[in-house]
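# Examining the three-dimensional arrangement
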Amino acid sequence: MVSLLVYNIGELVTNVAGTGEGGPLGIQRRAAVLVEQGEVVWVGPTGDAPAADRRIDAEGAAVLPGFVDSHAHLVFAGDRAAEFAARMAGQPYTGGGIRTTVRATRAASDDELRATVRRLRAEALRQGTTTIEIKSGYGLTVADEARSLRIAAEVSRETTFLGAHVVPAEYADRPDEYVGLVCGPMLVAAAPYARWIDVFCERGAFDADHARAILACGQALGLGVRVHANQLGPGPGVQLGVELDAASVDHCTHLTDADIDALASTRFDCMCHDGGHTTTVATLLPGAEFSTRSPYPDARRLLDAGVTVALATDCNPGSSYTSSMPFCIALAVREMQMTPAEAVWAATAGGARALRRGDIGVLRPGARADLIILDAPSHLHLAYRPGVPLIRQVLHNGVPR
Ligand SMILES: [Zn+2]
């Protein structure tokens, strides 16, 4: 068994609350982490570190858990740079461009889709993302949704069936029929490759009744629930997510007090000594507001109400073509009134909670050996030095990349 020790860590963010400094970040100084067979087996002071077969000298840098990007759409063809340019010239975002990507995705070969997924997965990993959730949603036929998820499942176990992304053009005047297709043959074909089901619950996409029916069908087949909710305007998505015990409601840009109360009502005291969490996480996607030049969600309001917040990229060719979690952290701090510590927690432990995973987003014995060595002495630099490539090295499943 080959062991690997990362030592001389100036600042180790463990996300084990109640240990070390920094509250929920559980920061340890002059620390070391021992890894065996893809798992963390020991965390402690460098001076006490056990012997190891291989050693990586962190040279006083900061180390943190790998980023958990709990919301991405990587299976698509083509890009929509022209649409972005038009928006920046003043056109509003409506979500209508999704159909452009659907046309291109249906026309692409499996190998073309696979190449894009792998390219973006590698791009994200270079920027410190060790776990990435991948949605379907640009196929919108039985065969195209199933193949999208089959290809996604080759690179991630966190795959999400999003047949209810938009009603495709050929069903534009028959939305009830399309919902029946999604709940029936499409779900059956997709479910073997999916862990989650998601619906774009928004004006112009799916209303509460359709979204509830689709999500309930997915739950009946054992899929966990996530919802695209309250992005373009106020709506029923957040409260529907709470009603169905969604792991996460995503976007949350337009929230009423009742939406916040519903999320806060899912709060429970957990054994992790950091004051409890909500079972339904609010996942904020500031890359979407950036790329659509829209007002950012109010993270402060959610955090002050005790709602658990995650940050994710929403990487997709239309409304947020970034795979960079450090960029999202910087936006969250600058534009959403999050502290750097809150943003780093949300991009690691928060994402893990949005995927209901206890083995990632944290560095303690038994956790996956997914970690980032920064080219910086502190996690603060992720927001303090925006746009700078600060990821010196990534360990994914204990393997240096
Ligand atoms: Zn999305």
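Basis of the calculations
- Residues numbered from 1 in each chain as written.
- Predicted model: local features only at pLDDT ≥ 70, side-chain atom pairs only at ≥ 80, totals over all residues.
- Heavy atoms only, no water.
- Helix = DSSP H or I, 4+ residues; strand = E, 2+ residues; numbered from the N terminus.
- Rg over C-alpha atoms; globule rule 2.2 N^0.38 Å.
- Buried < 20%, exposed > 50% of the residue type's maximum accessible area, 1.4 Å probe, protein only.
- Contact = heavy atoms within 4.5 Å.
- Areas by Shrake-Rupley, 256 points an atom, 1.4 Å probe, with all protein chains shown as cover.
- Lys, Arg positive; Asp, Glu negative; His and termini not counted.
- Charge placed at Lys NZ, Arg CZ, Asp CG, Glu CD.
- Pairing = 2+ DSSP bridges.
- Axes fitted to C-alpha atoms, helices over the stretch in contact; angles between N-to-C directions.
- 1 Å grid on protein atoms, 1.4 Å probe; cavity = no way out; pocket = protein on both sides within 12 Å on 5 of 7 lines; lining within 4 Å.
- Points joined across faces, edges and corners; volume = space filled by probe spheres on them.
- Nonpolar A, V, L, I, M, F, W, Y, C, P; charged D, E, K, R; others polar.
- Donors = N, O, S within 2.8 Å, 3.2 Å for Na, K, Ca; no water.
- Tetrahedral: all angles 85-135°; square planar, octahedral: opposite > 155°, others 65-115°.
- UniProt positions renumbered as here; feature names shortened; annotations may be inferred.
- Phe/Tyr/Trp six-rings, centres within 6.5 Å; stacked < 30°, edge-to-face > 60°.
- Lys NZ or Arg CZ within 6 Å of the ring centre and 35° of its normal.
- Disulfide = S-S within 2.5 Å.
- Parallel < 35°, antiparallel > 145°, perpendicular 65-115°, else oblique.
- Salt bridge = Lys/Arg side-chain N within 4 Å of Asp/Glu carboxyl O.

### Some thoughts on the overall build of the protein
Helix and strand counts for the protein stand at 13 helices and 19 strands. A globule of 401 residues ought to have a C-alpha radius of gyration of about 21 Å, and the protein, at 21 Å, matches this closely. Summarising its shape, the C-alpha atoms of the protein cover approximately 70 × 45 × 45 Å along the three principal directions. The buried share among the 401 residues of the protein stands at 57%. Taking the contacts inside the protein whose residues are at least 6 apart along the sequence as the reference set, 71% of them involve residues at least 24 apart. Roughly 15,000 Å² of accessible area belongs to the protein as shown, and the carbon and sulfur atoms make up 53% of that amount. One finds the centroid of the 36 positive side-chain charges in the protein at a distance of 4 Å from the centroid of its 45 negative side-chain charges.

### Digging into the sheet that holds strand E8 (residues 134–135)
With parallel pairing, seven strands are arranged side by side in an open sheet as E8-E9-E10-E11-E12-E15-E16. The open sheet is flanked by E8 and strand E16 (309–311), the only strands paired with a single partner. Both E8 and strand E9 (residues 159–164) contribute to a ladder of two bridges, which runs parallel. For Lys135, the partnering residue across the bridge sits in E9 and is Thr160. Across the sheet, helix H5 (residues 175–190) lies against E9 and strand E10 (196–201), angled at about 150 degrees from E9, the strand it touches most.

### Digging into empty space enclosed by the protein
Over the atoms, a rolled probe matching the size of one water molecule traces out where space is still vacant. For the coordinates displayed, the defined rule picks out one cavity of 30 Å³ or more. Tyr93, Ile98, His165, Asn316 and Ser319 are the residues nearest the centre of the largest cavity, which is lined by 13 residues in total. For the lining of the largest cavity, a count of residues per class yields four nonpolar, seven polar and two charged.

### Describing the coordination of the zinc ion
Those donors, His71 (NE2), His73 (NE2), His228 (NE2) and Asp314 (OD), are the protein atoms that reach the zinc ion, and they lie 2.0 to 2.4 Å from it. Classification of the site at the zinc ion as irregular follows from its four donor atoms and the range of 84 to 167 degrees in their angles at the metal. Motif for the zinc ion, donor spacing along one chain: H-x1-H-x154-H-x85-D. With His228 in strand E11 (residues 224–229) and Asp314 in the loop between E16 and helix H11 (325–335), this residue pair connects regions lying 86 residues apart in the sequence.

### A look at the UniProt feature "binding site: Fe(3+)" (unreviewed entry) in the protein
Mapped onto this numbering, the UniProt entry gives "binding site: Fe(3+)" (unreviewed entry) at His71, His73, His228 and Asp314. Maximum C-alpha separation among the annotated residues is 12.2 Å over a sequence range of 244 residues, consistent with a single clustered spot. When only the residues just named are considered, the largest cavity is lined by His73, His228 and Asp314. Turning to its location among the elements, His71 is positioned in the loop between strand E6 (67–69) and helix H1 (81–88). For His71, the contacting residues outside a window of four places in its chain are Glu133, Lys135, His228, Asp250, His251, Leu285, Ala312, Thr313, Asp314 and Cys315. Owing to a relative accessible area of 2%, Asp314 belongs among the buried residues under this scheme.

### Quick word on the packing of aromatic side chains
With the rule as written, the count across this model stands at five aromatic pairs. Ring plane angle 75 degrees and centroid distance 6.3 Å describe the contact between Phe76 and Tyr138, whose orientation is recorded as edge-to-face. In this pair, Phe76 is assigned in the loop between E6 and H1 and Tyr138 in the loop between E8 and helix H4 (142–153), connecting sequence segments 62 residues apart. In terms of burial, Phe76 and Tyr138 fall into one category: buried. Over the aromatic face of Tyr7 sits the side chain of Arg55, whose NZ or CZ is 4.2 Å from the ring centroid. Residue placement shows Arg226 over the ring face of Trp196; its charged tip is 4.5 Å from the ring centre.

### Observations regarding the state of the cysteines
A full pass over the atoms with the stated rule returns zero disulfides. Counting only cysteine sulfurs, Cys252 is the nearest neighbor of Cys201, a cysteine outside any disulfide, at a range of 12 Å.

### Observations regarding the environment of Ala164
Relative to the elements of secondary structure, Ala164 occurs in strand E9. The exposure class assigned to Ala164 is buried, which follows from its relative accessible area of 0%. C-alpha separation for the pair Ala164 and Ala369, spaced 205 residues apart in sequence, amounts to 35 Å. If sequence neighbours within four positions are ignored, Ala164 has contacts with Val182, Asp198, Val199, Phe200, Phe206 and Ile214.

### Quick word on the packing of H5 against helix H6 (residues 208–220)
Geometrically, a packed helix pair is captured by the angle between its two axes and the distance between the axes. Contact geometry of H5 with H6 gives a least axis separation of 10 Å together with a crossing angle of 10 degrees. Considered as vectors, H5 and H6 are oriented roughly parallel to each other. Contact residues: Pro175, Asp176, Val179, Val182, Cys183 and Leu187 in H5; His210, Ala213, Ile214, Cys217 and Gly218 in H6. Its residues assigned to classes, the contact of H5 with H6 comprises eight nonpolar, two polar and one charged.

### Describing the pattern of salt bridges
With the rule as written, the count across this model stands at 26 salt bridges. Linking Arg226 and Glu133 is a salt bridge whose minimum nitrogen-to-oxygen distance equals 3.8 Å. A residue pair is termed long-range when its members are at least 10 positions apart, and Arg226 in strand E11 and Glu133 in the loop between strand E7 (129–132) and E8 qualify at 93 residues. Across the pair, Glu133 and Arg226 agree in class, each one buried. For the salt bridge of Arg174 with Glu177, the shortest nitrogen-to-oxygen distance reads 2.9 Å. Taking relative accessible area as the criterion, Arg174 reaches 33% and is therefore assigned partly exposed.

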